[in-house]
Amino acid sequence: MKPLVIVTRKLPEAIENQMKQLFRVELNPDDHLFSQEELISAVRRADILVPTVTDKIDAEVISEAGNNFRMFANFGVGVDHIDLKAAQEKRITVTNTPGVLTEDTADIAITLMLSIMRRTNEGERVLRAGNWEKWSPTGMLGTRLRGKKLGIIGMGRIGQAVAERAKSFGLEIHYHNRSQLDTRTEKTYKATYWQSLDQMIIQMDVISLNCPSTPDTYKIMSRRRIGLMQKHAYLINTARGDVVDENALIEVLEEGVIAGAGLDVYENEPNVDERLTSLENVVVIPHMGSATEEARHAMGEKVVVNIKTLVDGHSPRDRVLYGF
Ligand code: DGY
């Protein structure tokens, strides 16, 4: 008997077709968000659930998993929405989709950097509103990227892809990470390691958050640390909303304590604090880091391979937790 795979969101068509061939599958054609009741019903009935960042797989949901339930094959790299401790206690395997959204997420970090520092979104708003009167020697002046110091928090795959791009824009690369990179990799990006995050923040013109959301990185950009940023500095977040104290960030942006922010992620997605959307010195986009045809397809393929590998009795390559 083929395993029952329940998918919580609408996936690319080709991926859904592959799944239909390989497994018994319940899809979500209208792409509605699963309620907690639906998640519970799914883990009671399924062998495998394919959730996304929009599903809160907490201890209560996990405690309801049926005897057949074996795996959360997450569509996405971040697994902060899954209670890993509760999954481990129930010996449930958890997989994710690393590596295939690195480049696209780094592109979005650079997009945000460019648009906030060069004020392109602001300029577009002016033009679309019919308020562009004339070219002006002193109008819409932004900040040059070349020569500025970029401090990357989290120098994993995505952090390094941001460094690679930023280096070609002429930014000086600095980073803070749990562990220092090997000398060869540091040389590739001409990157300077800072053991002290505080010391790095004080010196930087731009901070880019590229770390996963874990208990250790929860509000790593705390009110105190945001306060260490220079008045002309910018904050870019393509990681997760909860790695920044969002309320503190909004306050410093309102008061002009820092120059601006480029944000792809928020604390209470999809709800975005209205103060953020009304500020001129912020670029806000709706969690689009991995939103390319190519990335979403490759993520789906990883999900399929991860499931098939487990079903065939092996340990999936992208395991975050292996339950057997
Ligand atoms: C990821 O893969 O973690 C993206 O943020 C979408 O969930």
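My aim in this report is to walk through the structure given alongside it, one point at a time. (Residues numbered from 1 in each chain as written. Predicted model: local features only at pLDDT ≥ 70, side-chain atom pairs only at ≥ 80, totals over all residues. Heavy atoms only, no water.)

Focus: the pattern of salt bridges
As enumerated under the stated definition, the model contains 19 salt bridges in all. In this structure, Lys-10 and Glu-16 form a salt bridge, with 4.0 Å as the shortest nitrogen-oxygen distance. Residue Lys-10 is classed as partly exposed on the basis of its relative accessible area of 44%. We classify Glu-16 as buried; its relative accessible area is 8%. (Salt bridge = Lys/Arg side-chain N within 4 Å of Asp/Glu carboxyl O. Buried < 20%, exposed > 50% of the residue type's maximum accessible area, 1.4 Å probe, protein only.)

What to know about the site of the ligand
Taken together, the neighbourhood of the ligand is formed by Val-53, Gly-76, Val-77, Gly-78, Leu-101, Arg-240 and His-287. Within the backbone of Val-77, an N or O atom sits 2.6 Å from an oxygen atom of the ligand. Gly-78 is positioned with one of its backbone polar atoms (N or O) 2.9 Å from an oxygen atom of the ligand. Here the ligand has 230 Å² of accessible area as a free molecule, and 88% of this is covered by the chains. (Near = heavy atom within 4 Å. Polar contact = N/O pair within 3.5 Å; in protein donor to acceptor, adjacent residues only side chain to side chain. Areas by Shrake-Rupley, 256 points an atom, 1.4 Å probe, with all protein chains shown as cover.)

Brief notes about the packing of aromatic side chains
Under the criterion given, the structure shown has two aromatic pairs. On the numbers, 4.9 Å between centres and 55° between planes, the contact of Phe-69 with Phe-72 is tilted. As far as burial versus exposure is concerned, Phe-69 and Phe-72 are alike and both buried. Ring centres 5.2 Å apart and planes at 45° place the aromatic pair Tyr-175 and Tyr-193 in the tilted group. Here Tyr-175 is found in strand β7 (residues 172-176), whereas its partner Tyr-193 is found in strand β8 (residues 191-193), with 18 residues between them in sequence. In this structure, Tyr-175 and Tyr-193 share a single accessibility class: buried. (Phe/Tyr/Trp six-rings, centres within 6.5 Å; stacked < 30°, edge-to-face > 60°. Helix = DSSP H or I, 4+ residues; strand = E, 2+ residues; numbered from the N terminus.)

What to know about the side chain of His-174
As for its placement among the helices and strands, His-174 is situated in strand β7. Contact partners of His-174, with chain neighbours within four places excluded, come to Lys-149, Leu-150, Gly-151, Ile-152, Thr-192, Trp-194, Met-200 and Met-204. (Contact = heavy atoms within 4.5 Å.)

What about the environment of Arg-24?
For Arg-24, the location among the structural elements is in strand β2 (residues 24-26). For Arg-24, a relative accessible area of 35% puts it in the partly exposed group. With 23 residues separating them in the primary sequence, Arg-24 and Met-1 have C-alpha atoms 8.8 Å apart. Beyond its immediate sequence surroundings of up to four residues, Arg-24 is in contact with Met-1, Lys-2, Pro-3, Leu-4, Val-5 and Asp-47.

Side note on the sheet that holds strand β3 (residues 48-50)
To summarise the sheet geometry, strands pair through backbone hydrogen bonds and adopt either a parallel or an antiparallel arrangement. Pairing within the open sheet is mixed, and its six strands lie in the order β2-β1-β3-β4-β5-β13. Across the chains shown, the open sheet's two edge strands, defined by having one partner strand only, are β2 and β13 (319-321). Strand-to-strand twist across the sheet, computed as the mean angle between neighbouring axes with direction ignored, equals 25°. Note that strand β5 (residues 93-95) and β13 share two bridges and pair antiparallel. Across the sheet, Thr-95 pairs through a bridge with Arg-319, a residue of β13. (Pairing = 2+ DSSP bridges. Axes fitted to C-alpha atoms, helices over the stretch in contact; angles between N-to-C directions.)

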